[in-house]
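A look at the structure
As a plain string of letters, each chain reads:
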Amino acid sequence: MDPRIVTLVILCFLKGFLVFAQINVSGRVVDQISGRGLYPVSISFEGHNMSVYTDEEGYFIIESPMLGTAVLNLELKGYKKRRIPLKLDGSAKEIDMGPVTLLRTKEMVKNDDWVEFSQDEIDSGNGEVENISGILMAGKDLFSRTAAYDFGSNFFRPRFLGSEHTQVMLNGVTMNKIYSGRPEWSNWGGLNDALREQERFASMQTSPYGIGGLFDGVNMISRASKQRKGIKLSGALSNKNYQNRFMATFTSGLMNKGWACMLSASVRMADQGYRAGTNYKAYSFLASIDKHFGERQSINATFIYAYTRKGKSSPLTKEVFELKNESYNSYWGYQKNNKRNSREKGILEPIFQLNYQFSINQKTSIHSHFTYQFGAVSSSRLDYSGLRYLQNSQSFIGGGINPDPSYYQKLPSYFLKDPSNPDFGRAYLAEQEFMKKGQIDWEQMYDENTNPSVGNNAIYALYEDRQDNQFWALNSGFTTILSDKLSMDGAVSITGNTSENYALMTDLLGGSGYLDVDSFANNFSRAQNNLQEINRIVQENEKFRYNYQLMAKEVNAFIQTSYRSKKTDAFIGLAFTSNSYFRNGIYENGFFPQNASLGKSKVATFHLPAFKTGFSYKFSGRHVMALNVNYLQKAPVMNHVFSNVRVSNDLVNDLKPQRMTGIDLKYTWRHPNFHATISGYYVRIKDGSKVSFYYADGLTGLENSASSAFVQEVLTSIDKQNAGLEFSVEVPLFMNFKLKAVTALGRSIYASNPQLYLTSNAIEGPLNLGKSFLRGYYATGGPQEVYSFGFEYSSPKYWWFSSSLNYFHKSFVAVAPITRTKNFFLNTDGLPIHPVDIDLAKKLLGQESLEPYMNLNMVGGKSWKIKDLYIGFFASVNNLTNTIYKTGGFEQSRNANYLTLKEDKLRRKPLFGPKYWFSYGTTFFTSFYIRL
């Protein structure tokens, strides 16, 4: 027989034997204290060179190189190495070790600084970042990290869901605001180290504390005994939102007699961030004390004080951007050589919380909480409508010019608005004035207010829209193990919120007083902001213009049952919520006299069921599939319950709770050579409502044949549909080096034609414009498609580096609903516009698509251990190529009908074109810390 044939047969036999001999060993490596999955743990068989790494959740799969007795080694820097003997007899092709614990011994710089980087995004608080959800919820999985750090500052919303769909908790108590539905990040900003211990809950899943929302959830744990013992000092430099930051944290650990304490403080400051004139000042402090009564009971008291004051930045039209640049901000100007921002946001809402935990036995525990939060949120702005009252004629005169330097009447385009008679000379002068100065002229406003010819009342003034809040919550819940596979969680809560909302005069800018009347009113009585005090003269630090209270109460009950076996995990959760809201008017508005604005409104009540269920199935250690199904009902947020909340008790017409349906299917493939995850989701949100404010031209149905007015736009029966795919993959190429790729492909559209009506001081009763034909328009300003490709390297010498190239596609400008109503085709006299060029009308109403764009980000860090001292350094650079692009935008609603919009759009430079948010150029964030 040919020797080559014999050799081939032997090799095939040996190959078959080797394949048969291989056994897949899988499991999950977790921290011995916290139970969290660890990453990246090196897994190898002793005496063999091949190794694999755990994924972000701690799971691993490794193929055994032999039969018989083997030793599995688990290694992770900062943890004690573990050796586990295994008997591999070939009776099973797969061995699932379940959870495997490691004990922490050393500092981990990488995880700390990932959180540092995300906080830099959270701290912004500008409109462009406040729209983003998921930053705080950046988990360990690749997709969540990429969505938070690489996509987050570009208006990307995971699954197109805002932060109102995220449940943010402090020790199991929901901190989302009742009036907006969103968490206020600044309430705990700068307390990264104190709130590092967190529980995270996946999209469309429940938590032990409540039913949650459609998106992720997070529970920040402030209990002192749960924190890492030691002292940590850190400093940071950045050119994005703040320029420098200092943090200090002390944690005692559990001491004798069961006491533990934690103190943390931080300071963040900037004369100016990346945007011009965006000053930043923030101080934060946290104190937490634990007392343990034996091993079964403990009580915790937590106090958080976080003050923030920051200057806002303005969106820009194309004309303004071309005359200036992406860092231009129209909200500030020089006053005595100092930059002063006219629009600052201030937040100070201290939190006090008591938490009690009691383990009845090894299977059942209960937890109870009391939370009280109080304080104020304010937003400043300039007023230029100050008037004088003429006794003889019983009329009001006065008012000034809009001090905004980017106001349309101050730009070159205003003088070119008539194509048949352009004023090039004045356009040139306006251009030169704007390019050389283009900022608020504070000195001019002082001069006009102190001019004797205009009387004593201020024309210009700086005031704050202020909200004084008091929030309290009582929560109690339990967890019990019913069997080795079944467990149950439940919770009940009652919360209340009272807010007083008013305008506060902060600076009369040299004037002696301000006449508290409405400059848009057409008669004496209607002009009075408060009929209880006719023609009142307002001084600094006094309330004026509007004043009302909003009262809210919520009762919630929740229960869920969970099943866990070797192959299958499942849960089902039910909740019921009852909400009640009402308004209490303190001022009697002249346009809405008596109980139309004064006193208590009708009570809006909502009774809301919610349901979530889901299961996951492990086909093997490598293949896992999970399915979640949600049906939730949610009350409208208080800001959208009243049609003109500042001056009227009127509820929004046909007000309904939101009904939300969500389906999520996820498949994970954990392979020794890669780790891939793909998710598909479908979300339908029905019966939403929204209230907006703006000034519009081209309106029909106003009083006295008017065609322009400041209006409140009320949208109801808003349906939205979000669907898409999320994909991530990591591929280890060689020791400590891996490639990574992330993709999100989706579509978010209006799925209905909502109802639209207007209220205004120029309208007697609501002006019903019927349907706004929004169905099919994109419902979000964020990108519909995003792609990221990068790499990461972790050195055995405790340094690491990663980089990613990101591509954003299919971003759209948010459309103006009023131009999609019947008003668009009506003249100001109520008759149809004729003729109408249908093709041109379609073009005018088309949704603008923004150009796709790319950016390049890099991050890295290094840590050292010197005896008992740990030192860490972290740095990130975003948009390394300094590319400037539009990240989002919105149509202005000024031109409300075909004629006015056509006239403006056909101009070479529209007066009221869309306003855009532009990217930052190259930004950096770097931090350094010492831990004892």
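Residues numbered from 1 in each chain as written. Predicted model: local features only at pLDDT ≥ 70, side-chain atom pairs only at ≥ 80, totals over all residues. Heavy atoms only, no water.

**Here we look at helix α7 (residues 442-449)**
Of the positions making up α7, those classed as buried are Trp-442, Met-445 and Asn-449. Mapping the buried residues of α7 onto a view down its axis gives an arc of 60°, with all of them on the same face. Turning to α7, the residues buried within the fold contact β18 (332-335), β19 (338-341), β22 (364-383) and β25 (461-481). Between the side-chain oxygen of the N-cap and the backbone nitrogen of Glu-443 there are 3.3 Å, and the N-cap of α7 in question is Asp-441. (Buried < 20%, exposed > 50% of the residue type's maximum accessible area, 1.4 Å probe, protein only. Helix = DSSP H or I, 4+ residues; strand = E, 2+ residues; numbered from the N terminus. Arc of directions from axis to C-beta. Contact = heavy atoms within 4.5 Å. Polar contact = N/O pair within 3.5 Å; in protein donor to acceptor, adjacent residues only side chain to side chain.)

**Examining the pairing of strand β11 (residues 217-220)**
Neither face of β11 is open: one carries Gly-217 and Asn-219, the other Val-218 and Met-220, and all of them are buried. Relative to β11, strand β8 (residues 167-170) runs parallel, the two being bridged by four bridges. When the bridges of β11 are listed, Leu-170 appears paired with Met-220. Relative to β11, strand β10 (residues 198-201) runs antiparallel, the two being bridged by four bridges. Among the inter-strand pairings, Arg-200 is bridged to a residue of β11, identified as Val-218. (Pairing = 2+ DSSP bridges.)

**A look at the nonpolar core**
One finds Leu-699, Leu-758, Ile-818, Phe-824 and Tyr-898 to be the most contacted residues of the largest nonpolar core, which totals 28 residues. Listing elements by their share of this core, those giving two or more residues are β35 (674-696), β36 (709-734), β38 (755-759), β39 (767-771), α9 (838-844) and α10 (898-905). Residues contacting Leu-699, with those up to four places away along its chain left out, are Ala-706, Ser-707, Ala-709, Val-711, Leu-758, Ile-818, Asn-823, Thr-828 and Ala-896. (Core = buried A, V, L, I, M, F, W, Y, C linked by side-chain atoms within 4.5 Å.)

**What about the pattern of salt bridges?**
The full count for this structure, using the stated rule, is 34 salt bridges. Arg-659 serves as the salt-bridge partner of Asp-687, at 2.9 Å between the closest nitrogen and oxygen. A residue pair is termed long-range when its members are at least 10 positions apart, and Asp-687 in strand β35 and Arg-659 in strand β34 (residues 658-671) qualify at 28 residues. Overall, the relative accessible area of 11% leaves Asp-687 in the buried class. On the basis of relative accessibility, which here comes to 32%, the residue Arg-659 falls in the partly exposed class. Note that Glu-891 and Arg-820 form a salt bridge whose closest N and O atoms lie 2.7 Å from each other. Of this pair, Glu-891 sits in the loop between β46 (886-890) and α10 while Arg-820 sits in the loop between β42 (811-812) and α9, and the two are 71 residues apart along the sequence. (Salt bridge = Lys/Arg side-chain N within 4 Å of Asp/Glu carboxyl O.)

**Quick word on the packing of aromatic side chains**
To describe a pair of aromatic rings, one takes the distance between the centres and the angle between the planes. Evaluation of the coordinates by the stated rule reveals 37 aromatic pairs. Centroid distance Phe-396 to Phe-524: 5.9 Å. Interplanar angle 10°. Geometry classified as stacked. With Phe-396 in strand β24 (residues 395-398) and Phe-524 in helix α8 (residues 524-527), the pair connects residues that are 128 residues apart, well separated along the chain. For the ring pair Phe-591 and Phe-592, a centre distance of 5.2 Å and an interplane angle of 70° mean the geometry is edge-to-face. Considered together, Phe-591 and Phe-592 belong to a single accessibility category, that of buried residues. Among the aromatic residues, those joined into a cluster by ring pairs are Phe-151, Phe-156, Phe-808, Tyr-853 and Tyr-885. Lying across the ring of Phe-434, Lys-324 places its NZ or CZ 5.4 Å from the centre. For Lys-543, the ring lying beneath its charged end belongs to Tyr-502, and the centroid distance is 4.6 Å. (Phe/Tyr/Trp six-rings, centres within 6.5 Å; stacked < 30°, edge-to-face > 60°. Lys NZ or Arg CZ within 6 Å of the ring centre and 35° of its normal.)

**Examining the environment of Ile-930**
Looking at where Ile-930 falls in the secondary structure, it is placed in strand β48 (residues 923-931). Each C-alpha atom of the pair Ile-930 and Ser-234 lies 6.3 Å from the other, and the pair is 696 residues apart in sequence. Setting aside its immediate chain neighbours within four residues, Ile-930 contacts Ile-231, Lys-232, Leu-233, Leu-869, Tyr-870 and Ile-871.

**Remarks on the sheet that holds strand β9 (residues 173-174)**
Strand order in this open sheet of four strands is β9-β8-β11-β10, and the pairing throughout is mixed. Of all the strands in the sheet, the pair left with one neighbour each is β9 and β10.

**Notes on unusual backbone geometry**
Trans peptide bonds make up most of the peptide bonds, and negative phi angles are found at most residues other than glycine. For the peptide bond that leads from His-834 to Pro-835, omega is 0°, which places it in the cis range. Tracing the chain through its elements places Pro-835 in the loop between β42 and α9. A positive phi angle, close to 55°, is found at Lys-336, a residue other than glycine. Here Lys-336 lies in the loop between β18 and β19.

**Let's talk about the confidence of the model for the protein chain**
Note: predicted coordinates in regions of low pLDDT should not be interpreted at a detailed level. On average, residues of the protein chain score 89 in pLDDT, and 92% of them reach the 70 mark or higher. Here residues 3-21 scores under 50 on pLDDT; set against residues more than four positions off or in separate chains, the count is four contacts. A low-confidence stretch, residues 106-137 stays under pLDDT 50, and its non-local contacts, those more than four residues away or across chains, total 123 contacts. (pLDDT = per-residue confidence, 0-100.)

**Notes on the pairing of β48**
Both strand β12 (residues 230-238) and β48 contribute to a ladder of seven bridges, which runs antiparallel. Paired with Gly-235 across the bridge in β48 is Phe-928.

**Some points on the side chain of Ser-266**
Position of Ser-266 relative to the elements: it lies in strand β14 (residues 259-270). Within the structure, Ser-266 has its side chain in polar contact with the backbone oxygen of Gly-190 (distance 3.1 Å). Setting aside anything within four residues of it in sequence, one finds Ser-266 in contact with Gly-189, Gly-190, Phe-246, Met-247, Ala-282, Tyr-283 and Ser-284.

**Concerning the sheet that holds strand β7 (residues 94-102)**
As summarised here, the arrangement of the three strands in space is β4-β1-β7, forming an open sheet in which the pairing is mixed. Every interior strand has two partners, whereas the edge strands, β4 (59-63) and β7, have only one. Neighbour-to-neighbour, the strand axes of this sheet turn through a mean angle of 25°, independent of strand direction. Two elements, strand β1 (residues 24-31) and β4, share five bridges in a ladder whose sense is antiparallel. From the neighbouring strand, Gly-27 faces β4, where its bridge partner is Phe-60. (Axes fitted to C-alpha atoms, helices over the stretch in contact; angles between N-to-C directions.)

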